[in-house]
Amino acid sequence: MGHLNYHVKLGHYLLQPLCLRMEDYTDANAVFNEWGAVIQIRDTNLAQTQRDCPLQREISRRELFRRLNPTN
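Calculation notes
- Residues numbered from 1 in each chain as written.
- Predicted model: local features only at pLDDT ≥ 70, side-chain atom pairs only at ≥ 80, totals over all residues.
- Heavy atoms only, no water.
- Helix = DSSP H or I, 4+ residues; strand = E, 2+ residues; numbered from the N terminus.
- Buried < 20%, exposed > 50% of the residue type's maximum accessible area, 1.4 Å probe, protein only.
- Areas by Shrake-Rupley, 256 points an atom, 1.4 Å probe, with all protein chains shown as cover.
- Salt bridge = Lys/Arg side-chain N within 4 Å of Asp/Glu carboxyl O.
- Contact = heavy atoms within 4.5 Å.
- Pairing = 2+ DSSP bridges.
- Expected span 1.5 Å × (residues − 1).
- Arc of directions from axis to C-beta.
- Polar contact = N/O pair within 3.5 Å; in protein donor to acceptor, adjacent residues only side chain to side chain.

*Asks:* Please explain the overall build of the protein as it appears in this structure.
*Replies:* Tallying secondary structure elements over the protein gives two helices and two strands in all. Mapped from its N terminus to its C terminus, the protein presents α and β elements in the order β-β-α-α. For the protein, the proportion of its 72 residues judged to be buried stands at 10%. Per element, the accessible surface of the protein, about 6,700 Å² overall, is 53% carbon and sulfur.

*Asks:* In this structure, what is going on with the pattern of salt bridges? I would like to understand it.
*Replies:* Proximity of charged atoms lets side chains of opposite charge pair with each other. Using the criterion set out here, one finds one salt bridge in the structure. R42 is the partner of D43 in a salt bridge, and the nearest nitrogen-oxygen pair spans 2.8 Å.

*Asks:* Where do I start with unusual backbone geometry in this structure?
*Replies:* Most of the time, phi is negative for any residue but glycine, and the peptide bond is trans. Its identity is not glycine, yet Q50 carries a phi of approximately 55°, on the positive side. Looking at the secondary structure, you find Q50 in the loop between α1 (28–48) and α2 (61–65).

*Asks:* In this structure, what is going on with the environment of G11? I would like to understand it.
*Replies:* With respect to the helices and strands, G11 occurs in strand β2 (residues 11–15). With near-sequence residues (within four places) excluded, G11 lies in contact with N5 and Y6.

*Asks:* Help me out: how do you make sense of the pairing of β2 in this one?
*Replies:* Two faces, one strand: in a regular strand the side chains alternate between the faces of the sheet. Two elements, strand β1 (residues 3–7) and β2, share five bridges in a ladder whose sense is antiparallel. Among the inter-strand pairings, N5 is bridged to a residue of β2, identified as Y13. Between β1 and β2, which follow one another and run antiparallel, lie three residues.

*Asks:* Which parts of the structure should I look at to understand α1?
*Replies:* Every α-helical turn comprises 3.6 residues, leaving residues that sit three or four positions apart pointing alike. Spanning 21 residues, α1 covers 30 Å between terminal C-alpha atoms, matching the ideal 30 Å at 1.5 Å per step. When α1 is considered as a whole, its buried residues turn out to be V31, I39, R42 and L46. Viewed end-on, α1 has its buried residues packed into an arc of 70°, placing them on one side of the element. Opposite the buried face of α1, by more than 90 degrees, sit the exposed residues N29, N33, I41, A47 and Q48. Two to three positions downstream of the cap, the backbone nitrogen of N29 sits 3.2 Å from a side-chain oxygen, assigning the N-cap of α1 to D27. The positive-phi residue at the C-terminal boundary of α1 is Q50, with phi of around 55°.

Here you go:
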C-alpha cells in the first residue's frame, strides 16, 4: 500500500510506509529497530552472494530531497 503525495517540483509520487500496522509495536523506535534488522539481513545476503544492488542501497530522505532545496 502506498500513500499518494504531491510536491510542487516533483508532482505526484507514492510513498510506502515502513510499517502498515503499528498495533504490534510498542512505539516508532520498535518499528525502526525491526526495519534495521531487515536491512541487515538483506545486506548480509548480498555480501554472501557477492552481489551489489544499487537500487536497494539505503539513502536518507535528506539525500533524496536535497536537490529541491537551493540552500544545500
